[in-house]
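Spelled out, the chains give:
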Amino acid sequence: MAENTEMSPIEMKVVRQIEYYFGDHNLPRDKFLKEQLQLDDGWVALETMLKFNRLKCITTDSSVIVGALQKSKTGLLEMSEDKTKIRRSPSKPLPEVNDEYKDALKHKSVYIKGFPLETNLDEIQEWLNGKGSIENIQMRRNLQRQFKGSVFLCFDTEEASKQFLERSDIKSFKDNDMLVLSREDYHAKKADEKKQFRADAKARAKQDKEDQQKNSEDKEMGLLLDEKTGCLLKFSGELHKVSREDFHELFSGHGKIKWVDFTRGAKEGTLLFDGNAKEALDKAKEANDGTLQIKDNDVTWELLEGDVEKDVLKKIVEAQQELYSRSKGKSGRGRSSGRGRGGRRGRGGGRDQGRSQYQGKKTRFDSDDEDAPPSPKKRALEGESGDRDAPAAKVGKTENGS
């Protein structure tokens, strides 16, 4: 059909548009056009072709179409003798869409990103003129059919796509920097982004859970500090020979000590009572003729109140939590708690017998409901989020502006 005559700009647009309609990328998915092909042995009237929107925007004159197609050198289309119908040449059947075809398509495709969102197909085609033999331009769109600013180009050969990637005049479009990748590199990039997205989402979920847990613990801690008032007694003096057991012995029968915040050799510490610290102190003094010493050492006793009391109580609760966490970690190392005979707790003894320990995330004291200790909750599964941006492996629906 080709003649040795140069095409005008309009004729070039006509040929490019019609050959797109009958090309490998559009024809397999064009339901209307495939129906027309079955009516007359593959022939389609020019009158019908002029109903296609993009072709109609280029020309409504069938003689222009005839003249343009007669100058085409691709051999894709043939024209009827009366010049009223066209069809895809029987010598150029549609390729079979198999794995080999898809792989070849991938290797001759290029991804470009950076176009302004208001860019139309004509502007992209004009920018690409003279930059290689391009079979198809796919303008990528979101679910609302809005242009995403990126395209896939499919060249006629893999070599043509490689030559395009080496060009220096594809790095910018209307002062916009362009990202240009082979389709293989694009998919590798999206896979890395998807992996990073999942990792970030998992980290965020973990952080959110930890923050939520901390907020819950802080709230619980605040309620606890408000409830447990008047239960702290500070002591100071020469205590280098004094142990925690000495304090339990001193206040035995006068008040129940829940926690002794004291390190052997220190000169001060704090006692946490199950009940009112002042009552325990008064009873102990009364039982000792008004003077309360420990191992014949003078001791200064001070009842803590207000913010000082809350601060000290908070530190004691946190110390209980840390002790419980360490204990829990050790007990998880073996089925027999690492001692073979049940450990200190398994024997029912130990210097902390009769005194409470921190039970899980909630701080519990002996006076609380001890018949039903809470169990640590299982860690919830963390969700993931996927990346919907990567195109499917099969040949996606493309656009040449129709």
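Before any of the text, the structure's been laid out above.
Residues numbered from 1 in each chain as written. Predicted model: local features only at pLDDT ≥ 70, side-chain atom pairs only at ≥ 80, totals over all residues. Heavy atoms only, no water.

Novice: Sorry if this is basic, but what is going on with the overall build of the protein chain here?
Specialist: Regarding its fold elements, the protein chain presents 13 helices and 13 strands. Put simply, the protein chain has 402 residues, and 35% of those count as buried. Across the protein chain, contacts joining residues at least 24 apart in sequence account for 68% of those joining residues at least 6 apart. In the structure as shown, the protein chain presents an accessible area of about 25,100 Å², 45% of it carried by carbon and sulfur atoms. (Helix = DSSP H or I, 4+ residues; strand = E, 2+ residues; numbered from the N terminus. Buried < 20%, exposed > 50% of the residue type's maximum accessible area, 1.4 Å probe, protein only. Contact = heavy atoms within 4.5 Å. Areas by Shrake-Rupley, 256 points an atom, 1.4 Å probe, with all protein chains shown as cover.)

Novice: How should I be thinking about the sheet that holds strand β13 (residues 299-303) in this particular structure?
Specialist: Each strand in a sheet pairs with its neighbour through backbone hydrogen bonds, running either in the same direction (parallel) or in the opposite one (antiparallel). Taken in spatial order, the 4 strands of this open sheet run β11-β12-β10-β13, and their pairing is antiparallel. Only two strands of the sheet have a single neighbouring strand rather than two, namely β11 (257-261) and β13. Adjacent strand axes in the sheet meet at a mean angle of 20° when their direction is disregarded. Note: strand β10 (residues 232-237) against strand β12 (residues 268-273), 5 bridges, orientation antiparallel. When the sheet's bridge partners are listed, F235 is paired in β12 with G269. (Pairing = 2+ DSSP bridges. Axes fitted to C-alpha atoms, helices over the stretch in contact; angles between N-to-C directions.)

Novice: Mind showing me how you'd approach the pairing of β11 here?
Specialist: The side chains of a regular strand alternate, residue by residue, between the two faces of the sheet. Where burial is concerned, most of β11 is hidden: 4 out of the 5 residues are buried. Here β11 runs beside β12; their pairing, made up of 4 bridges, is antiparallel. Following the sheet pairing, D261 is matched in β12 by T270. Between β11 and β12, which pair antiparallel and follow one another directly, the connecting turn spans 6 residues, one of which, G265, has a positive phi of 100°.

Novice: Any chance you could explain the nonpolar core here in plain terms?
Specialist: What tends to happen in soluble globular proteins is that the nonpolar side chains get buried as a cluster. Of all hydrophobic cores here, the largest spans 23 residues; its most connected members are I18, F22 and M49. In terms of residue count, the dominant contributor to this core is helix α1 (residues 9-21) (5 residues). Those residues in contact with F22, other than ones at most four positions away along the chain, are L27, L33, L37, V44, M49, L76, L77, I86, R87 and R88. Residues L233, F262, A277 and W301 belong to the second largest nonpolar core, which totals 20 residues. (Core = buried A, V, L, I, M, F, W, Y, C linked by side-chain atoms within 4.5 Å.)

Novice: Teacher, can you tell me more about the side chain of N297 here?
Specialist: Along the chain, N297 falls in the loop between α11 (277-287) and β13. Reaching out from N297, the side chain makes a polar contact with the backbone oxygen of E238 at a distance of 3.2 Å. (Polar contact = N/O pair within 3.5 Å; in protein donor to acceptor, adjacent residues only side chain to side chain.)

Novice: Explain the packing of aromatic side chains here, please?
Specialist: Ring pairs (aromatic) are described by centroid distance and by the angle formed between their planes. Tallied over the full model, the rule gives 16 aromatic pairs. Their ring planes at 35° and their centres at 4.2 Å tell us that F235 and F247 sit as a pair that is tilted. Residue F235 is found in strand β10, and its partner F247 is found in helix α10 (residues 244-250); the two are separated by 12 residues along the sequence. For the pair F235 and F247, a shared accessibility class is recorded, and that class is buried. On the basis of an interplanar angle of 85° and a centroid distance of 5.6 Å, the ring pair of F251 and W301 is categorised as edge-to-face. Of this pair, F251 sits in the loop between α10 and β11 while W301 sits in strand β13, placing them 50 residues apart in sequence. Judged on exposure class, the residue F251 and its partner W301 are both buried. Put simply, the rings of F235, F247, F251, F262, F273 and W301 pair up and form one aromatic cluster. A cation over an aromatic ring shows up here: R183 above the ring of F152, its NZ or CZ 3.9 Å from the ring centre. (Phe/Tyr/Trp six-rings, centres within 6.5 Å; stacked < 30°, edge-to-face > 60°. Lys NZ or Arg CZ within 6 Å of the ring centre and 35° of its normal.)

Novice: Would you take a moment to explain the sheet that holds strand β1 (residues 44-45) for this structure?
Specialist: Here we have 3 strands laid out as an open sheet, ordered β1-β3-β2, and antiparallel in their pairing. Edge positions in the open sheet fall to β1 and β2 (77-79), since each of these has one partner strand only. In this sheet, strand β3 (residues 85-88) lies alongside β1 in antiparallel orientation, the contact comprising 2 bridges. Each residue of the ladder has a partner; that of A45, found in β3, is K85.

Novice: So what exactly am I meant to see when it comes to the pattern of salt bridges here?
Specialist: Once their charged atoms are close, side chains differing in charge can pair, the charge on each being opposite to the other. Using the criterion set out here, one finds 16 salt bridges in the structure. With its nearest N and O atoms 2.7 Å apart, the salt bridge here joins E123 to K174. Of the two residues, E123 sits in helix α7 (residues 121-128) while K174 sits in the loop between β7 (172-173) and β8 (176-177), which places them 51 residues apart along the sequence. Under the relative-accessibility criterion, K174 is labelled exposed at 52%. When the shortest N-O distance is used, the salt bridge between K189 and E193 registers 2.4 Å. A residue pair is termed a helical-turn pair when its members lie 3 or 4 positions apart in one helix, as K189 and E193 do in helix α9 (residues 183-227) at 4 residues. With a relative accessible area of 31%, K189 lands in the partly exposed category. When salt bridges that share partners are traced, they join D41, E78 and R87 into one network. (Salt bridge = Lys/Arg side-chain N within 4 Å of Asp/Glu carboxyl O.)

Novice: Sorry if this is basic, but what is going on with α7 here?
Specialist: Residues spaced three or four apart along an α-helix point in a common direction, a consequence of the helix completing one turn every 3.6 residues. Three or more residues of α7 are buried, namely L121, I124, Q125, W127 and L128. The buried residues of α7 occupy an angular sector of 160° when projected down its axis, which confines them to one face. A side-chain oxygen of the first residue of α7 lies 3.2 Å from the backbone nitrogen of D122; this N-cap is N120. Phi turns positive one or two residues past the end of α7, at G130, with a value near 80°. (Arc of directions from axis to C-beta.)

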